[in-house]
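Descriptive structure summary
One-letter residues, chain by chain:
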Amino acid sequence: MSRVDQPDSNDGEDNAAGNDGAMTVDSVMIPTETAHAGMAVRELFDICGRDHVQALPFTDAEGRITGRVTLKNILRVSCLPEYIVAMAPVLHSKLSCVESAEDKAREIICNPIEPYVQGPHQSISSDAPLIKALALMEKEDTSYIFVVDEGAFKGVITIQGIAAKMSELAVCGPGSE
């Protein structure tokens, strides 16, 4: 497992737009690691927290993406029985489904990630237009997409990353056009 570094621009200019001026996926891509067999939940939580992503692709021994591991799924499977989810609107603030929340957290983070692996997730190439990524996120009802070029994982893009990039584009206020 190794962290994927974001490619450097060879001309020193901002890499936000492709040749036609369209913003591309690589301008908001977050380089990160992949999940693999034998990884503990704690390690996945650490990576996702450090890199501000909600999921990692799960890779086999040859480095091929065979699935994904999401924070949401780990917490849902480990902490939320279906009846708790169904009753969410009427739950009391002091209700707990476990005797000791700290003990349950310790148990979860020491587990291997394999039971939490889901099927593969949507991916997109790094040179794709950002609008395509947004459309795919909407179509798939997700807030992240894996960036894969020629079968190799490059990183993750998130809706938060797209919004942050957009906020850098213009100054709002009196006199701005």
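Below or above, wherever it landed, is the structure these notes cover. (Residues numbered from 1 in each chain as written. Predicted model: local features only at pLDDT ≥ 70, side-chain atom pairs only at ≥ 80, totals over all residues. Heavy atoms only, no water.)

Comments concerning the nonpolar core
What counts is decided by this rule: Take the buried residues of types Ala, Val, Leu, Ile, Met, Phe, Trp, Tyr and Cys, join any two whose side-chain atoms come within 4.5 Å, and each joined set is a nonpolar core. Exposure categories follow from relative accessible area, calculated using a 1.4 Å probe and restricted to protein chains: below 20% of the type maximum is buried, above 50% is exposed, and the middle band is partly exposed. Where helices and strands are cited, they refer to DSSP runs of H or I of at least four residues and of E of at least two residues respectively, numbered from the N terminus. Throughout, a residue-residue contact means that at least one pair of heavy atoms, one from each residue, lies within 4.5 Å.
Membership of the largest hydrophobic core comes to 21 residues, with the highest contact counts inside it found for Ala35, Leu44, Leu56, Val69, Ile74, Ile113 and Phe146. Going through the elements one at a time, helix H1 (41–51), strand S2 (55–59), strand S5 (144–149) and strand S6 (152–158) are the ones with two or more residues in this core. No other element matches H1, which puts 4 residues into this core. Every residue in contact with Phe146, bar those within four places of it in the chain, is listed here: Ala55, Leu56, Pro57, Arg68, His121, Gln122, Ser123, Ile124, Phe153, Gly155 and Val156. Counting residues in hydrophobic clusters, the runner-up holds 14 residues, among them Val25, Ala133, Leu136 and Ile162.

So, the sheet that holds strand S3 (residues 65–70)
Just so we agree on the cut-off: The pairing criterion for strands is at least two bridges between them, as found by DSSP. Where helices are involved, their axes are fitted lines through C-alpha atoms of the stretch in contact, as for all axes, and angles between N-to-C directions lie from 0 to 180°.
Here 3 strands make up an open sheet; going across it, the order is S1-S2-S3 and the pairing mixed. Each edge of the sheet is formed by a strand with only one pairing partner; in this case those strands are strand S1 (35–36) and S3. Sheet topology note: the S2/S3 ladder contains 5 bridges and is antiparallel. Bridge pairing links Phe58 to Gly67 in S3. On top of the sheet, H1 reaches S1, S2 and S3; it is set at about 130° to S2, its chief contact.

Overview of the pattern of salt bridges
To keep it simple, the criterion reads: The salt bridge criterion pairs a side-chain nitrogen of Lys or Arg with a carboxyl oxygen of Asp or Glu, the two atoms within 4 Å.
Overall, the coordinates contain 6 salt bridges when judged by the stated rule. Notably, a salt bridge pairs Glu33 with Arg50, separated by 3.0 Å at the nearest N-O pair. With Glu33 in the segment before S1 and Arg50 in helix H1, the pair connects residues that are 17 residues apart, well separated along the chain. Accessibility expressed as a relative area gives 43% for Arg50, which makes it partly exposed. Note that Arg50 is salt-bridged to Asp51, the shortest N-O span being 2.9 Å. Here the salt bridges do not stand alone but share partners, grouping Glu33, Arg50 and Asp51 into one network.

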